[in-house]
Amino acid sequence: MANVKELSKQKELFTGGHRACAGCGAVIVARQVLAVAGPDTVVVSATGCLEVVSTIFPYTAWNVSFLHSAFENAAATISGVEALYKSWVRQGKYKKKMNFIAFGGDGGTYDIGLQSLSGAMERGHNILYVCYNNEAYMNTGVQRSGATPKGADTTTAPVGKVKKGKEQYRKNLTEIMVAHGIPYVAQSVVGNWRDLTSKVEKALSIEGPKFINVFQPCRLGWSYKPELTCDLGRMAVDACIWPLYEVVNGSYKINYKPKEKKAVGDWLGLQGRFRHLAKPENKHIIDEIQAGVDKSWEDLLKKESAIFPPETVDKRGGGIPPQVS
Amino acid sequence: MPKTDIVAKTGNEAIAEAMRQINPDVVAAYPITPATEIVQIFASYVADGLVDTEFVPVESEHSAMSACIGASAAGGRTMTGTSSQGLALMAEMLYIASGLRLPIVLADVNRSLSSPINIHCDHSDTMMVRDSGWIQIFSENAQEAYDNMIQAVKIAETAGLPTIVTTDGFIISHGMERVEIFEDKDVKDFVGKKKLGNYLLNPEKPITLGALDLQDYYFEHRRQLAEAMVESKAVILDAAKSFKEKFGRSYGLFESYKLDDADRAIVVMGSTAGTAKVVADDLRAKGIKAGVLKLRVFRPFPKKEMAEALKNIKAVAVMDRSDTISGNEGPLALEIKAALFDSNIKKDIPDHIYGLGGREIRVEDIGSVYKDLGEMIEGKGKPKVTYLGVRE
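Residues numbered from 1 in each chain as written. Chains lettered and ligands numbered in written order. Predicted model: local features only at pLDDT ≥ 70, side-chain atom pairs only at ≥ 80, totals over all residues.

**Regarding the overall build of chain B**
A tally of helices and strands in chain B yields 12 helices and 16 strands. Its C-alpha radius of gyration of 21 Å places chain B within 12% of the 21 Å reference for a compact globule of 392 residues. In terms of overall dimensions, chain B has a C-alpha envelope of 70 × 55 × 45 Å along the principal axes. For chain B, the proportion of contacts with a sequence separation of at least 24, taken over those separated by at least 6, is 80%. (Helix = DSSP H or I, 4+ residues; strand = E, 2+ residues; numbered from the N terminus. Rg over C-alpha atoms; globule rule 2.2 N^0.38 Å. Contact = placed C-beta atoms within 7 Å.)

Written as structure tokens, this is what we have:
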């Protein structure tokens with residue numbers, strides 16, 4: 001693993017000059033992923049902020065081959081690129097080792113792109129899918145998605161006189177990916193470059209489908225000061241709102257366990273999308289959010305401590321090890 | 001002439017055979033009646049190692065076209081097959097494939113669109129995507145389907161436009177016919193190797209494809225696409241010329257069947273053209289000068305050429321195997337009338353919408369269309385939109 005000094009000396013594969021907001025976390029994800037992946041990489045992006053800010057014709061921020069086709073199909077599109085690679089290698093027409101990476105926001109991954117993602121993962125393509133998860137449809141103006149947390153104010157689940165933001169908990173896409181029995185699934189965060197880059201490096205060293213869900217604070221949609229992007233990412237990890245963990249061939253490893261688990265309130269308090277929760281009559285929502293976070297964290301700890309007999313783990317990535325309690 | 005093997009094959013089998021001989025780099029497909037067999041047969045070729053193709057058995061037609069787009073943009077020769085709802089589900093991606101100028105070849109087995117759900121032939125699916133920027137080539141029978149698939153590769157890659165080859169669901173796709181199959185080597189020679197321009201798998205020269213195109217560039221790119229479609233007419237004729245030189249069979253933008261001295265003619269696409277020719281022959285035997293214009297290439301629409309071919313015919317009827325549900329007429333009639341108008345030809349043209357959902361089209365039905373045309377010539381009948389063979 002290169003250190004930060006070495007990484008900073010590399011040729012930028014995702015350049016500056018793009019049109020992202022000040023403090024945008026999505027472009028940090030792209031830059032750090034490419035710093036590890038290197039130039040022999042094909043990137044496919046779903047429609048969304050990352051694609052929009054980085055490819056306004058005739059300009060591009062991508063110094064690697066890049067394709068955007070539509071919103072819901074980044075996984076299917078990269079699987080076609082990878083299929084051609086396999087075909088050409090088999091025909092002896094191509095020798096270079098290449099990385100195939102798809103980026104999608106949470107809207108393009110959790111919601112509209114879930115079918116295409118599931119299909120590509122099940123088919124076992126040698127691809128890495130990176131979800132830059134900012135917990136809402138930010139590109140179209142902060143609409144709620146399946147990744148939006150309970151209590152958040154969005155433009156399609158707004159805070160009004162009766163409703164207090166999103167009423168449902170977010171779905172757990174990382175676990176849905178684990179359920180595909182693929183060899184590598186991980187959660188990472190903007191604000192911990194070492195965690196993200198080491199996970200990308202590990203993922204790219206594994207043959208087969210890989211998925212990394214990167215928690216990405218969005219200053220526009222979350223409404224906070226732009227300089228807080230990385231802090232908000234790290235705080236979410238310290239509060240166990242977004243645990244950093246990996247699932248390698250079905251075995252869980254939590255990469256970081258906070259010595260003292262922070263309460264969610266401090267994190268919520270820095271963001272405009274949770275502003276309404278400061279009112280005393282909404283305190284019960286904070287309690288519900290805390291309860292949801294606590295339960296997920298406990299579930300994760302149990303999964304990590306479960307013992308999987310090695311013979312039940314399919315090294316090729318197929319099949320889910322049975323739960324042993 | 002090169003050696004041919006005369007075999008009995010269905011339309012689906014003939015298409016799969018052409019695909020085996022073409023040996024594309026990637027095929028991504030999803031099952032749908034009546035096109036399923038094409039990819040099923042092709043998958044068996046992959047399983048037996050008869051092709052170099054990477055077959056991607058995707059989870060939907062949307063993903064099929066998405067994977068084709070990825071593979072084609074990456075530099076590969078790419079094909080797929082579908083029908084009806086599958087083509088409809090692909091529609092978003094069809095526009096993107098043509099906008100990115102990717103020469104994907106798609107075999108569409110024409111089938112009606114829901115609802116009500118129906119698995120049989122009409123042209124609603126292909127017509128639904130008629131403005132998607134894909135070249136559209138219709139086939140009359142299994143032989144044409146085979147020949148068209150082989151030509152489509154050359155056409156798509158030369159024109160820089162994706163190409164749909166259609167066959168009529170069940171009528172052609174499942175009908176067993178006599179088909180002449182060429183030798184593998186001759187087909188491979190004809191289609192040649194795909195020329196690589198800019199492609200994703202070339203890290204020495206990274207490209208960005210599918211960029212955000214705003215008010216300052218989008219229009220120019222769409223204009224280029226429109227121009228490519230205009231220019232593809234010559235590409236299609238060139239491919240037909242090379243095909244005739246190599247394999248002996250003639251193709252054009254359309255087929256004029258006994259039109260030279262005809263006083264009445266039917267314009268039709270797909271398998272019904274065969275039935276119409278039989279009826280025209282019967283009428284000719286009775287001294288009636290009947291002809292058929294079988295449109296092969298619906299996109300690009302051969303506007304001037306069709307007007308020229310129809311201008312001296314007293315009475316012309318169009319047979320449309322789909323409807324626009326617009327309070328106007330079927331898609332083929334609308335385009336032909338516009339073509340004639342632009343060539344300053346005034347003609348009353350009845351449109352006969354027929355065969356929806358696989359409704360049988362019999363020689364008697366086509367006979368009645370010619371009969372109506374005869375009455376028009378005599379000044380008795382009036383042109384109108386008729387739903388042929390329906391219970392009103």
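**Quick notes on the overall build of chain A**
Within chain A, the secondary structure is distributed over 12 helices and eight strands. Radius of gyration (C-alpha) of chain A: 19 Å, near the 20 Å computed for a compact globule of 325 residues. Each principal axis of the C-alpha atoms in chain A carries an extent, and together these give about 70 × 55 × 40 Å. Buried residues in chain A amount to 52% of all 325 residues. Across chain A, every contact between residues at least 6 apart in sequence was considered, and the portion connecting residues at least 24 apart equals 69%. (Buried ≥ 20, exposed ≤ 12 C-beta atoms within 10 Å, placed from the backbone.)

**Focus: the nonpolar core**
A general tendency of soluble globular proteins is for nonpolar side chains to be buried together. Counting 209 residues, the largest nonpolar core has Val130 of chain A together with Ala28 and Val267 of chain B as the members making the most contacts within it. Split by domain, the residues of this core number at least three in each of domain 1 (4-247) and domain 2 (254-388) of chain B. (Core = buried A, V, L, I, M, F, W, Y, C linked by C-beta atoms within 7 Å. Domains from an automatic or database assignment.)

**Focus: the domain arrangement of chain B**
Residues and elements named next belong to chain B. Domain boundaries assigned for chain B yield domain 1 (4-247) and domain 2 (254-388). The C-alpha-based centres of domain 1 and domain 2 are spaced at 28 Å. With 27 residues of domain 1 at the interface, the matching set in domain 2 holds 20 residues. Counting residues per element, the ones that place at least two in the side of domain 1 that touches domain 2 are helix 5 (124-128), strand 6 (135-138), strand 7 (163-168) and helix 8 (218-247). If you tally residues by element for the side of domain 1 that touches domain 2, the top one is helix 8, at five residues.

**Description of the interface of chain B and chain A**
Where interface size is quoted, it is often the accessible area lost as the parts come together. Every contact between the two is made by 38 residues of chain B and, on the other side, 42 residues of chain A. Among the elements that take part in the side of chain B that touches chain A, helix 3 (residues 61-73) of chain B stands out by supplying nine residues, more than any other. When grouped by side-chain class, the residues that make up the side of chain B that touches chain A number 22 nonpolar, 10 polar and six charged. Alignment of strand 2 (residues 65-68) of chain A against strand 9 (residues 208-209) of chain B, held across two bridges, turns out to be parallel. Within the sheet, the bridge partner assigned to Leu67 of chain A lies in strand 9 of chain B and is Leu209 of chain B. (Nonpolar A, V, L, I, M, F, W, Y, C, P; charged D, E, K, R; others polar. Pairing = 2+ DSSP bridges.)

**Regarding the environment of Asp287 of chain A**
Checked against the element boundaries, Asp287 of chain A lands in helix 12 (residues 283-305). Taking the C-alpha atoms as reference points, Asp287 of chain A and Val264 of chain A, 23 residues apart in sequence, are found 9.0 Å from one another.

**Focus: the pairing of strand 5 (residues 105-110) of chain B**
Each regular strand carries side chains that alternate between the two faces of the sheet. Residue and element names in this part refer to chain B. In terms of burial, strand 5 is largely enclosed, as six of its six residues are buried. For the handedness criterion, the β-α-β arrangement of strand 4 (residues 78-82), helix 4 (residues 84-99) and strand 5 is classed as right-handed. Inspection of the sheet shows strand 5 paired to strand 7 by six bridges, in the parallel sense. Note that in strand 7 the partner of Asp108 across the bridge is Thr166. (Right-handed = clockwise from strand over helix to strand, strands pointing away.)

**Digging into the sheet that holds strand 14 (residues 315-320) of chain B**
Residues and elements named next belong to chain B. Spatial ordering of the open sheet is given by 10-12-11-14-15-16, a layout of six strands whose pairing is mixed. Every interior strand has two partners, whereas the edge strands, strand 10 (254-257) and strand 16 (385-388), have only one. Shown here is a sheet whose adjacent strand axes are inclined to one another by a mean of 20°, direction ignored. Relative to strand 15 (residues 351-354), strand 14 runs parallel, the two being bridged by three bridges. Bridged to Met319 within strand 15 is His352. Lying on the sheet, helix 11 (residues 331-342) is in contact with strand 11 (264-268), strand 14 and strand 15; it crosses strand 14 at an angle near 145°. Sheet contacts for helix 12 (residues 363-377): strand 11, strand 12 (290-295), strand 14, strand 15 and strand 16; angle to strand 14, the most-contacted strand, approximately 150°. (Axes fitted to C-alpha atoms, helices over the stretch in contact; angles between N-to-C directions.)

**Focus on helix 8 (residues 193-205) of chain A**
Residues and elements named next belong to chain A. End to end, helix 8 covers 18 Å across 13 residues, agreeing with the expected 18 Å (1.5 Å per residue, within 8%). Within helix 8, burial applies to Asp195, Leu196, Thr197, Lys199, Val200, Ala203 and Leu204. At its buried positions, helix 8 is contacted by helix 2 (26-37), strand 3 (99-105), strand 4 (128-133), strand 5 (184-189), strand 6 (210-215) and strand 7 (245-248). (Expected span 1.5 Å × (residues − 1).)

**Considerations on helix 11 of chain B**
For an α-helix, 3.6 residues make a turn, and residues three or four places apart therefore share a direction. Residues and elements named next belong to chain B. With 12 residues, helix 11 should cover 16 Å at 1.5 Å per step; its first-to-last C-alpha distance of 17 Å lies within 8% of that length. Among the residues of helix 11, those classed as buried are Pro331, Leu332, Ala333 and Ile336. Next to the buried residues of helix 11 lie helix 5, strand 11, helix 10 (303-310), strand 14 and strand 15. Asn344 occupies a position one or two residues after helix 11 and carries a positive phi of about 60°.

**Description of the environment of Ser232 of chain B**
Residues and elements named next belong to chain B. You can see Ser232 is positioned in helix 8. Separated by 68 residues in the primary sequence, Ser232 and Pro300 have C-alpha atoms spaced 7.1 Å apart. Sequence-distant contacts of Ser232, that is, excluding residues within four places in its chain, are made with Ile135, Ala159, Leu161 and Pro300.

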